[in-house]
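# Architecture at a glance
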Amino acid sequence: MQNGYIGANYYLGQRFANHQSNNERDSNMNVKAAFAAASLALVLSMGLTGCGGSDEDPTGSSSSSSSSSSSSTSSSSSSSSSSSSSSSSSSGRSSSSSSSSSSGVSSSSGLVGDAVRGKERYESAAMNCVGCHGVKGGGPVAVIDASKFSPGTRTLEQLISATMPSQAPTSCVGQCAADIAAYIHTWTVTTPVQACEDNLTYGPRQLKLLTREEYQNSLEDLIGIDFNAAAGIPADADIHGYNNNIAAAVTQIHQESYFEAAKQAAAWAKERNFAGVVDCPLSNRQSCINDFTQNFAKRVFRRPLTKGEITAFTALFGDSFTGGDVAAGIEMAITSALVSPAFLYRSEQGVPVSLGEYDGSQYEFASTPTTLLAANFTDKRHYTTGTLSGAVIFGDTTNSRQQGKLGQHLSFTGAGTLIEFSVRGVIPDDGTIPQLKFGVGTISGAIDVDWEEFRTLSLYLPGVSGHREFAFYVDPSPAQIEMHQVRYGEARRLANAPDDDAFELTQYEIATYLAYTFTGSTPDSALLAAAEAGALETDAQIAAQVERLLATPRAEKRLGNFAAQWMGTDLALTEPKDMNLFPEINDTIRQSMAREVRELFIHASLKGNRFSEFFSTDYAFVDNTLAQYYGLGSGNGSTFAKVHGGGERGGILTTGAFHVAYGNFEETSPIVRAARVREKLLCQEIPPPPAGIAIDRAAAEERIAGIIADGGSVTQRHRTELLTEEPYCAQCHQKIINPLGFGMEDFDSIGRYQLLDINNNPVDASGVLHGIESLADIDSTSMGFNGSKELGVVLASTESAYECFVENAFRFATGMGTHKIDKDNPDIGSLTAQEIQDYTCSVKGMTETMIQSGYNAREMFKSLGTMKLIRYRKDMNR
């Protein structure tokens, strides 16, 4: 992995130097080609996988194309090696399934249901069961749980006879109902796997190309630029409504734009004598090299540089590239760093949790262990006194054939032994890395000890029994190892230990995840210091960092942008309106509306308030422009402030941006508004319109035109009812869409409160939310309301609205939903059944955390940072 990084740096640095001294056009082409090759090499070496409306379209789905690079090859760095075999582990997950199949099942009516015939009826176009319930009852409109229907309550056959199909109830009775019920009872029932709170969960190993927002913020924080460096970079990939580059392909346009932006940023820094980049006298080349590699480049790469990277950057300062001009060397080094994949990609690859068959990190002592000092080993060769009391330094420095050795006879029980030892490398001036070998009986292995401070390592030795000699050796000379203390005893596997095929994010990768998730920028000095100190290890440590980050201006901007993407309200900036009817709405008002959504979200989520205020409150957040537009008096200039909503405004559904974004050119759009509430605030997916809807709508439009021609007037509510009264439409519109959308008729298409519609008809804003917690409950739960503000009160009382918020925050942070990666782009890959279980369970746990804390979104954000599936990753091979 590191070789991929340094390859990019070294070659880009060389080519940029050529550009400085030779032909600019040719060298630019070479640099871009080198960047393309280096980027591709890094993607392959790190195992990058993909995971990088209108009235007529209530789902509002828009297709966007993106391509992804994928590879099943992955590389990881390891300081340990052993025999080629690897141990297996159990994560404690379990699942079971049972199924039954019958062609003749007795029903409650005495009829014998035929499952084969029932399958034909269920899948027939006439019944349209699949349109609502899916192929095997999973939705999208309503879920079928056959286990809920049994003798003693209303049976499944009785339910079908009384209510199905929804467009023509009671048209499937008797044998028809018995057959379909028999078929449904053959579906496989899968027992859920173990709850995630009792088990580790895993996210995917991935690389994330910086979004334009993240790229711009990073350059501002690293260099201090005051221009839009990201303006020329291609648009981000849109994953399920969010700017997310987990599946973005790096094209030639990307390469050229990144290179040009890096050159501009480096030149900008040079004009200001590299203030904030390096702090060194330009007359002292080595001082500038040290400052650049130890400080600035570390912040750019978000981790310490490898020795090879330091060597490559050092070469850029050489006379052959700079002619002795240190400033030119710094400029080239900045450019090289900013086009390196180590900067452009956020790594969430991690390192293996198991470094081989004998890695003991997954085990603990089953009882009090025995402790030995290295100085007390009975068999010692080529050793001297160590730096700590009881420690020895051993290794062959005489160039003889005999290796340094520490040996001791130990008593092994055969139940599995854990051996812990504290060691450090004594590395000579020539850089030779000492290798610590170990062995007992037929078991042997080796570890490269390439660190010079004491670290504790663990070995797990299975199946060894009796009184046997256990020995350490050192090779090669002249390197040595200092060993201090050894503890050994019977071992047991740690409760909830990670699976052996899992990876754990490094401290620097965790710092990077936290920084970009909550601030949209590179880690600040405090986060990097915490990573360096190993202080991002516990949930409490991470939660404290999240709390600190949430108090920054960057967090307000980042999470405000999240709210706008979640709700889709930035559409208000561009959604066309009839300017003959609505001359008062202009770009300034639209921009203030978009800002209002951000201010409301920040107030509800980051200022210590209950998140219910996002759905329902008595206040609006306005500047002077919006205050006057809403009729709420005068504001405070361009500053946004919380003002009383005048009885009509308060909560996301009363914001101008929501109604402008989801209103028609001239009139309101009850269908789109209802669809957006279901989709965005309740996470309920409405199925697309059935085939043939255009014919039905044309007939309805003729009826409406006839009413108007006869001197009548049609409200938008009545018009929608007429357009959707046909049976195929009614199955969704009767309860799912229309009653919900009608309740938001109190705001017009440009976000103004209205008592009369555009034709001066009185507005009826009475509505009903059917299926409060789920579309599966569409026939059993409902709540009435009058107007958008009252609908906000209803949402604030439903747990599903809070869980939907958490699910969207989860998607924003990880790039994945709980059931799909991207509903509009199935080619991007799909989640495994275990991922669906893990992600769903994680979202439910975070929702519970938020509710139990008094609907405090900050507590949810903390749990978003401490999820186990963030720390632990697996190759998902999409």
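Conventions and cut-offs
Sequence order sets the numbering: in each chain, residues are counted from 1 along the sequence as written. In keeping with the model being predicted, local features are shown solely for residues with a pLDDT of at least 70 and side-chain atom pairs are shown and tallied solely at 80 or more, while totals for entire chains, interfaces and linings include all residues. Excluding hydrogens and water, the side-chain figures rest on all heavy atoms present in the structure. A run of H or I in DSSP counts as a helix once it spans at least four residues, and a run of E counts as a strand once it spans at least two, with each numbered from the N terminus. Three exposure classes are used, based on accessible area relative to the maximum for each residue type with a 1.4 Å probe and protein chains only: buried under 20%, partly exposed in between, and exposed over 50%. For the accessible areas, the method is Shrake-Rupley and the probe is 1.4 Å, while residue cover comes only from the protein chains on display. As used in this record, nonpolar core signifies buried Ala, Val, Leu, Ile, Met, Phe, Trp, Tyr and Cys residues forming a set joined through side-chain atoms within 4.5 Å. Residues are treated as being in contact if the distance between any of their heavy atoms lies within 4.5 Å. The term salt bridge refers to a side-chain nitrogen of Lys or Arg lying within 4 Å of a carboxyl oxygen of Asp or Glu. The term disulfide is used for any two cysteine sulfur atoms that are within 2.5 Å. Any two strands with at least two DSSP-identified bridges between them are counted as paired. Only the contacting stretch of a helix is used when fitting its axis, a line to C-alpha atoms as for every element, and angles between N-to-C directions run 0 to 180 degrees. Each angle receives one of four descriptions, namely roughly parallel if under 35 degrees, roughly antiparallel if over 145, roughly perpendicular if within 65 to 115, and oblique otherwise. By convention, the crossing between two helices is left-handed when the near helix turns anticlockwise from the far helix through less than a right angle, and right-handed when the turn is clockwise. Aromatic pairs are defined between Phe, Tyr and Trp rings, using the six-membered ring for Trp, whenever the two ring centres lie within 6.5 Å; interplanar angles under 30 degrees are classed as stacked, those over 60 as edge-to-face, and all others as tilted. The arc in question is the one spanned by the directions pointing from the helix axis to the C-beta atoms. Here a polar contact is taken to be a pair of N or O atoms separated by no more than 3.5 Å, where protein atoms must pair a possible hydrogen donor with a possible acceptor and residues adjacent in sequence count only if both atoms sit in side chains.

A tally of helices and strands in the chain yields 30 helices and 29 strands. Across the 878 residues in the chain, those meeting the buried criterion constitute 53%. If you sum the accessible surface of the chain, you get close to 35800 Å²; carbon and sulfur atoms cover 49% of it.

On to the nonpolar core. Counting 103 residues, the largest nonpolar core has Leu-514, Trp-566, Phe-601, Phe-611, Phe-614, Phe-805 and Phe-861 as the members making the most contacts within it. With sequence-adjacent residues up to four places away left out, Phe-601 is seen in contact with Leu-559, Phe-562, Ala-563, Trp-566, Leu-606, Phe-611, Phe-614, Phe-805 and Phe-861.

What follows covers the pattern of salt bridges. Inspection of the entire model under this criterion finds 48 salt bridges. Residue Arg-455 pairs with Glu-453 through a salt bridge whose shortest N-O separation is 2.7 Å. A salt bridge links Lys-862 to Glu-859, with the nearest nitrogen and oxygen atoms 3.1 Å apart. Of this pair, Lys-862 and Glu-859 are both found in helix H29 (residues 857–866), 3 residues apart, which corresponds to roughly one turn of the helix. According to the relative accessible area criterion, Lys-862 is buried, its value standing at 17%. If you follow the salt bridges from partner to partner, you end up with Lys-208, Glu-213, Glu-214, Arg-346, Glu-348, Arg-558 and Arg-873 in one network.

On to the state of the cysteines. In this structure the tally under the stated criterion is 3 disulfides. In this model Cys-172 forms its disulfide with Cys-176; the gap between the sulfur atoms is 1.9 Å. Sign of the S-S torsion, about -95° for the bond between Cys-172 and Cys-176, identifies this disulfide as left-handed. Of the two residues examined, Cys-172 and Cys-176, each falls in the buried class. Cys-280 shares a disulfide with Cys-288; S-S distance 2.1 Å. Of note, the bridge from Cys-280 to Cys-288 carries an S-S torsion of about 100° and is right-handed in sense. For the pair shown, Cys-280 and Cys-288 are each scored as buried. Cys-172 supplies the cysteine sulfur nearest to Cys-129, a cysteine that is in no disulfide, at a spacing of 7.0 Å.

Looking now at the sheet that holds strand S24 (residues 503–504). The strand order S6-S29-S24-S11 describes an open sheet built from 4 strands, whose pairing is mixed. Because the sheet does not close on itself, it has two edges, and the strands there are strand S6 (203–204) and strand S11 (351–352). Bridge analysis of S11 against S24 gives 2 bridges, and the strand direction is antiparallel. Residue pairing in the sheet places Pro-352 in a bridge with Phe-503 of S24.

Our next topic: the packing of helix H27 (residues 799–814) against H29. Between two packed helices, both the angle of their axes relative to each other and the distance between the axes serve to describe the pair. Interhelical geometry of H27 versus H29 gives an angle of 40° and a closest axis separation of 11 Å. Here H27 lies oblique to H29, going by the angle between them. The interaxial crossing formed by H27 with H29 has right-handed handedness. Along its contact with H27, which presents Phe-805, Val-806, Ala-809, Phe-810 and Ala-813, the element H29 presents Ala-857, Met-860, Phe-861 and Leu-864.

What follows deals with the environment of Ala-315. Among the secondary structure elements, Ala-315 is positioned in helix H10 (residues 307–316). Residues Ala-315 and Ile-289, 26 residues apart in the sequence, show an inter-C-alpha distance of 9.5 Å.

Applying the stated rule across the entire model yields 36 aromatic pairs. On the basis of an interplanar angle of 15° and a centroid distance of 6.1 Å, the ring pair of Tyr-242 and Phe-562 is categorised as stacked. Taken as a pair, Tyr-242 in strand S9 (residues 242–243) and Phe-562 in helix H17 (residues 553–567) lie far apart in primary sequence, 320 residues in all. Ring centres of Phe-615 and Tyr-802 lie 5.4 Å apart, and the angle between their planes is 85°; on these two criteria the pair is classed as edge-to-face.

Below, the discussion takes up the pairing of strand S17 (residues 404–413). In terms of residue burial, S17 counts as a mostly covered element, since 7 of its 10 residues are buried. Pairing between strand S14 (residues 379–381) and S17: 3 bridges, direction antiparallel. Looking at the pairing, Lys-380 lines up with Leu-406 of S17. Where S17 and strand S22 (residues 465–475) come together, 10 bridges link them in antiparallel fashion. Within the sheet, the bridge partner assigned to Leu-406 lies in S22 and is Phe-472.

The complete set of buried residues in helix H3 (residues 115–122) reads Ala-115, Gly-118 and Tyr-122. Down the axis of H3, the smallest arc covering the buried residues is 50°, so these residues share one side. Every exposed residue of H3 that faces more than 90 degrees away from the buried side is listed here: Val-116 and Glu-120. Its buried side turned inward, H3 meets strand S4 (112–113), helix H4 (129–133) and helix H6 (175–184). Backbone nitrogen of Val-116 and a side-chain oxygen of the N-cap are separated by 3.0 Å at the start of H3; the cap is Asp-114.

Remember, this is a structural readout, not a statement about activity or role.
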